Amino acid sequence: MSRIVYVNGEFLPEEEARVSIFDRGFLFADAIYEVTPVLDGRLLENEGHMARLERSLRELAMPAPMPVSEIAALMEELVRRNDLREGSVYLQVTRGAADRDFLYPEGATPTLVMFTQARDVRETRASRVGLRVVSAPDLRWGRRDIKTVQLLAASMAKQAAHDAGADDAWLVQDGFVTEGSSNNAYIVTRDGTIVTRQLSNDILHGVTRASVLKLASEAQLRVEERPFTIAEAQDAAEAFMTSASAFVTPVVEIDGVKLGDGAPGQVARRLREIYLDSLAEAG
Ligand code: PDD
């Protein structure tokens, strides 16, 4: 069944959607994106995603195709037109099409595309049994706080993890974990403290991360924002990751070492529940 997608002002069947070969998203990865989850036909945490989109635009001096409030309205319309109940909306903004030149073009019209992806997000196998991750060197660029479509290093790491029989890669720089290939990474120490790397240009400032840390503090759980090593993670009581598409998902094995009894940890399960409850309340 063909989806209805959005391209530069038009809702079209996906087969009819076109972007120029001169688009700078295609030629330079001069593009940013957001993924917003959808549950029960409703976009979740979209204010956070729109705020980060604005920040990414600003950091790259990229003109906005329209105010984010209008982008959000188009996302709602796309969900409606596809009758999407559960999954996500992907949106991408590029600096637009112009003859190939490293300098930013003057007067190019930004490209805006959006599409839906239908998939289970509430009940997933990963959330029940947990993920096995392997470490990989973090080969990405120095501005990971900007959500650009330069995803090849992350894609390589995830493919290598998959080829090694694991589910995902945790990326390591100067001996410390930065984040997962497409998610933020956490451990829970044996004394029950949640540890995740502090915000900087080294990691994406996850929308889910911000909400989960706030909910954790409200639930009187101790949170420490600092780097951790793979060895510390392997010795932790439990581990988990967060993202818009995975919410809170337990990690049960790191580089072949099982955490605890190898089952999803209590803190991760509880945080997933609290997070899902908070989304339901927000509706
Ligand atoms: N990935 N870190 C990286 C490198 C990410 O790509 C993502 C999101 C996150 C989590 O951010 P958030 O909670 O705002 O989704 C952290 C999206 C889901 C993706 O690329 O599909």
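This text goes with the structure placed above it.
Everything numeric here is computed off the predicted structure, so don't read it as measured data. (Residues numbered from 1 in each chain as written. Predicted model: local features only at pLDDT ≥ 70, side-chain atom pairs only at ≥ 80, totals over all residues. Heavy atoms only, no water.)

Q: Honestly, the pattern of salt bridges in this entry has me stumped. Any pointers?
A: Charged atoms that come close allow side chains of opposite charge to pair. Counting across every chain of the model gives 22 salt bridges. Close ionic contact of D235 with R190 constitutes a salt bridge, the shortest N to O distance being 3.1 Å. Linking D235 in the loop between α7 (230-234) and β13 (238-243) with R190 in the loop between β10 (184-188) and β11 (194-196), this pair joins segments that are 45 residues apart in sequence. With its nearest N and O atoms 3.7 Å apart, the salt bridge here joins R222 to D191. Highlighted residues: R222 in the loop between α6 (207-218) and β12 (223-225) and D191 in the loop between β10 and β11, separated in sequence by 31 residues. Judged by its relative accessible area of 54%, D191 falls in the exposed class. What you see here is one network of salt bridges that share partners, running through R55, E59, R143 and D145. (Salt bridge = Lys/Arg side-chain N within 4 Å of Asp/Glu carboxyl O. Helix = DSSP H or I, 4+ residues; strand = E, 2+ residues; numbered from the N terminus. Buried < 20%, exposed > 50% of the residue type's maximum accessible area, 1.4 Å probe, protein only.)

Q: Before we go on, may I ask you to explain a nonpolar patch on the surface in this structure?
A: On the surface, a nonpolar cluster with roughly 420 Å² of combined accessible area is contributed by I21, F22, F26 and L27. Residue classification places F26 among the exposed residues on the basis of a relative accessible area of 62%. (Patch = residues over 30% accessible without salt bridge, like charges linked within 9 Å, V, L, I, M, F, W, Y side chains within 5 Å. Areas by Shrake-Rupley, 256 points an atom, 1.4 Å probe, with all protein chains shown as cover.)

Q: So what exactly am I meant to see when it comes to helix α2 (residues 46-59) here?
A: With 14 residues, α2 should reach 20 Å at 1.5 Å per residue; the first-to-last C-alpha distance of 20 Å fits that figure. The elements touched by buried residues of α2 are β3 (31-39), β4 (42-43), α3 (68-81), β5 (87-94) and α6. Within two residues after α2, A61 carries a phi angle of roughly 50 degrees, on the positive side. (Expected span 1.5 Å × (residues − 1). Contact = heavy atoms within 4.5 Å.)

Q: Help me understand the environment of V172 in this model?
A: Considering the arrangement of structural elements, one finds V172 in strand β8 (residues 168-173). Separated by 50 residues in sequence, V172 and R122 have C-alpha atoms that sit 29 Å apart. Other than its neighbours up to four places away in sequence, V172 contacts S135, A136, P137, D138, V177 and I230.

Q: When you look at helix α8 (residues 266-282) in this model, what are you seeing that I'm missing?
A: Helical geometry note: an α-helix holds 3.6 residues per turn, so side chains three or four residues apart project in the same direction. Counted at 1.5 Å a residue, the expected span for α8 with its 17 residues is 24 Å, and the 24 Å between its end C-alpha atoms agrees. Inspection of α8 places V267, A268, L271, R272, Y275, L276 and L279 among the buried residues, and these make up the whole buried set. Down the axis of α8, the smallest arc covering the buried residues is 160 degrees, so these residues share one side. Set apart from the buried face of α8 by more than 90 degrees, the exposed residues are Q266, E273, A280 and E281. (Arc of directions from axis to C-beta.)

Q: Help me understand the layout of surface pockets in this model?
A: Take a probe with the size of a water molecule and roll it over the atoms, and the empty space left behind shows itself. Here the second largest pocket is characterised by a volume of approximately 330 Å³. In terms of lining residues, the second largest pocket is bounded by 17 residues, among which L44, E45, E47, L279 and A282 are the most central. Mapped by element, the contributors of at least two residues to the lining of the second largest pocket are β4, α2, α3, α6 and α8. A per-class count over the lining of the second largest pocket returns 7 nonpolar, 4 polar and 6 charged. (1 Å grid on protein atoms, 1.4 Å probe; cavity = no way out; pocket = protein on both sides within 12 Å on 5 of 7 lines; lining within 4 Å. Points joined across faces, edges and corners; volume = space filled by probe spheres on them. Nonpolar A, V, L, I, M, F, W, Y, C, P; charged D, E, K, R; others polar.)

Q: Please clarify how the packing of α2 against α3 should be interpreted in this entry.
A: In helix packing, the relevant descriptors are the interaxial angle and the interaxial distance, both defined with respect to the helix axes. Look at α2 against α3: their axes get within 10 Å of each other, and the N-to-C directions meet at 135 degrees. Relative to α3, the element α2 is oriented oblique. As α2 runs across α3, the sense of the crossing is right-handed. Contacts between α2 and α3 involve N46, M50, L53 and E54 from the former and V68, I71, A72 and M75 from the latter. Across the contact of α2 with α3, the residue classes tally to 6 nonpolar, 1 polar and 1 charged. (Axes fitted to C-alpha atoms, helices over the stretch in contact; angles between N-to-C directions. Parallel < 35°, antiparallel > 145°, perpendicular 65-115°, else oblique. Left-handed = near helix turned anticlockwise from the far one by under 90°.)

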